[in-house]
Amino acid sequence: MQRIAQPGRAEQTINKSRFIGAAEACADEREVMALFRRLAAEHPSAHHLAFAYRLKTPQGLLQRCHDAGEPSGTAGKPILQHLEGKDLVNACIAVVRYYGGINLGTGGLARAYGNTARMALEAARLEPYVEMAKLRLTVDYGRWDRWRGRWSGWAAGCWTKTSASG
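Here the residue numbering is sequential within each chain, running from 1 through the sequence in written order. In keeping with the predicted nature of the model, local features appear solely for residues at pLDDT of at least 70, side-chain atom pairs appear and are counted solely at 80 or more, and the whole-chain, interface and lining totals rest on all residues. Water and hydrogen atoms play no part in the side-chain values, which are based on all heavy atoms of the structure.

**Brief notes about the environment of Gln 81**
Part 1 of the reasoning: With respect to the secondary-structure elements, Gln 81 resides in helix H2 (residues 76–85).
Part 2 of the reasoning: With relative accessibility at 45%, the residue Gln 81 sits in the partly exposed group.
Part 3 of the reasoning: Taking the C-alpha atoms as reference, Gln 81 lies 8.9 Å from Ala 52; in sequence the two are 29 residues apart. Under the DSSP-based scheme used, a helix requires at least four consecutive residues in state H or I and a strand at least two consecutive residues in state E, with every element numbered from the N terminus. The classification of residues rests on relative accessible area computed with a 1.4 Å probe and restricted to protein chains. Under 20% of the type maximum is buried, over 50% is exposed, and intermediate values are partly exposed.

The following block contains the structure:
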């Protein structure tokens, strides 16, 4: 699995329609909605805001897509396919469309949305997704250094030591 380490943006014009893609990391649906609100505010006169996202939750993988008024399967699904193809989690891609007056057809729309999503991902920086867990261990103070040395290569730099005064 991978995650988006640095957001990416891309833009292209096809038959007078302008497509603007944004790929960003989102930890939960609240962050996804914040991205959509921000894009809608940046592009108030846009005709469509299609999107797809994939989130890793305790219940499993949650993925959604939305065509934003375009014909079914022509906007959200092509965007989602790029998230699936890169095996991205906690990621969202949104594509804004300014309609240029020329109908692109269902195949043309699917290619336009999919290619804009691909371009936004290419502009982003991806890195492996590492699932982290928070653990609390109690170790005898005299054994701390030996225990930490044994596990130093595992999640190096994540250790904190506190003393129990009592």
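Structure's up, so let's keep going.
**Points about the packing of H2 against helix H3 (residues 105–123)**
Part 1 of the reasoning: An axis is simply a line fitted to the C-alpha atoms; with a helix, the fit covers only the stretch in contact. Between two such axes, the angle follows the N-to-C directions and lies from 0 to 180 degrees. Look at H2 against H3: their axes get within 8 Å of each other, and the N-to-C directions meet at 35 degrees. The element H2 and its partner H3 pack so that their crossing is right-handed. Residues Pro 78, Ile 79 and His 82 of H2 touch H3, and the partners they reach there are Ala 110, Tyr 113, Gly 114, Ala 117, Arg 118 and Leu 121.
Part 2 of the reasoning: In terms of residue class, the contact of H2 with H3 is made up of six nonpolar, two polar and one charged. If you view the pair so one helix is near and one far, a crossing is left-handed when the near helix is turned anticlockwise from the far one by less than a right angle, and right-handed when it is turned clockwise. When checking whether two residues touch, look at their non-hydrogen atoms; a contact exists if any pair is within 4.5 Å. Lys, Arg, Asp and Glu make up the charged group, whereas Ala, Val, Leu, Ile, Met, Phe, Trp, Tyr, Cys and Pro make up the nonpolar group; the residues left over, Gly among them, are polar.

**A word on the nonpolar core**
Part 1 of the reasoning: What we call a nonpolar core is a set of buried Ala, Val, Leu, Ile, Met, Phe, Trp, Tyr and Cys residues that are connected through their side-chain atoms within 4.5 Å. Counting residues in hydrophobic clusters, the biggest one holds 23 residues, and the most contacted among them are Ile 4, Ile 79, Leu 83, Ile 93 and Tyr 113.
Part 2 of the reasoning: Those elements that provide at least two residues to this core are strand S3 (17–25), strand S4 (48–57), H2, strand S6 (91–98) and H3.
Part 3 of the reasoning: Here this core gets six residues from one element, more than from any other, and that element is H3.
Part 4 of the reasoning: Not counting the four nearest positions on each side in its chain, Ile 79 is found in contact with Ala 50, Phe 51, Ala 52, Ile 93, Val 95, Tyr 113 and Ala 117.
Part 5 of the reasoning: Of all hydrophobic cores here, the second largest spans 12 residues; its members include Cys 26, Val 32, Leu 62 and Ala 94.

**Quick notes on the packing of aromatic side chains**
Part 1 of the reasoning: Between the rings of Phe, Tyr and Trp (Trp by its six-membered ring), a pair exists once the centres lie within 6.5 Å; its type follows the angle of the planes, with under 30 degrees stacked, over 60 edge-to-face, and the other angles tilted. All chains considered together, the criterion is met by three aromatic pairs.
Part 2 of the reasoning: Taking the centre distance of 5.2 Å and the plane angle of 85 degrees together, the rings of Phe 19 and Tyr 113 count as edge-to-face. Here Tyr 113 lies in helix H3 and Phe 19 lies in strand S3, a separation of 94 residues in the sequence.
Part 3 of the reasoning: Given the relative accessible area of 0%, Phe 19 is considered buried.
Part 4 of the reasoning: Overall, Tyr 113 belongs to the buried group, its relative accessible area being 0%.
Part 5 of the reasoning: Note on Phe 36 and Phe 51: the rings are 4.1 Å apart at their centroids and 35 degrees apart in plane angle, and the pair reads as tilted. Of this pair, Phe 36 sits in helix H1 (residues 29–42) while Phe 51 sits in strand S4; the two residues are 15 residues apart in sequence, bridging distant segments of the chain.
Part 6 of the reasoning: A residue is classified by how much of its surface remains accessible, and Phe 51, at 13% relative accessible area, is buried.
Part 7 of the reasoning: Ring pairs connect the aromatic residues Phe 36, Phe 51 and Tyr 53, which therefore count as one cluster.

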